[in-house]
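What follows is each chain in one-letter form.
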Amino acid sequence: MSAHTELPQIDTESAGSCCGGACHSDAAASAAKGAVTTVYQVKGMTCGHCEGAVAGEISELDGVASVTATAATGQVTVVSAAPLDEEAVRAAVDEAGYELIARA
């Protein structure tokens with residue numbers, strides 16, 4: 001089980017696609033050229049609620065396109081327009097009630 005939060009894409013490349021790519025599972029990751037994917041290790045997630053809380057807080061950070069949190073591994077994958085400030089990510093995880101260990 002994992003929580004996945006996608007934010008609407010402002011500038012998508014839909015060349016030949018009837019839906020602008022929204023129906024494809026990797027739309028957020030491939031929508032923005034130059035997107036940065038970062039994986040973090042978070043301590044304390046045990047269930048879907050935990051995943052949703054962490055994903056929800058991180059998704060509010062500027063530039064975040066999508067967040068996938070997986071309690072089973074403790075990993076949180078973030079796709080953003082540019083590298084995120086690790087302290088901002090740490091604060092978001094803390095706000096959700098969990099602990100950011102490090103980048104995975």
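Residues numbered from 1 in each chain as written. Predicted model: local features only at pLDDT ≥ 70, side-chain atom pairs only at ≥ 80, totals over all residues. Heavy atoms only, no water.

Engineer: I tried to follow the overall build of the protein on my own but got confused; where do I start?
Structural biologist: Counting its secondary structure elements, the protein contains 3 helices and 5 strands. Its helices and strands in sequence order give the protein the pattern β-α-β-α-β-β-α-β, from N to C terminus. Expressed as a percentage of its 104 residues, the buried residues of the protein come to 33%. Restricting to contacts in the protein with at least 6 residues of sequence separation, those with at least 24 account for 66%. As displayed, the protein offers around 5900 Å² of accessible surface, 51% of which is attributable to carbon and sulfur atoms. (Helix = DSSP H or I, 4+ residues; strand = E, 2+ residues; numbered from the N terminus. Buried < 20%, exposed > 50% of the residue type's maximum accessible area, 1.4 Å probe, protein only. Contact = heavy atoms within 4.5 Å. Areas by Shrake-Rupley, 256 points an atom, 1.4 Å probe, with all protein chains shown as cover.)

Engineer: I keep staring at the nonpolar core and nothing clicks. Help me out?
Structural biologist: Generally speaking, soluble globular proteins have nonpolar side chains that are buried together. M45, V54, I58 and V76 are the most contacted members of the largest nonpolar core, which totals 21 residues. Of all the secondary-structure elements, those providing two or more residues to this core are β2 (36-43), α2 (48-59), β3 (64-70), β4 (75-80) and α3 (86-96). (Core = buried A, V, L, I, M, F, W, Y, C linked by side-chain atoms within 4.5 Å.)

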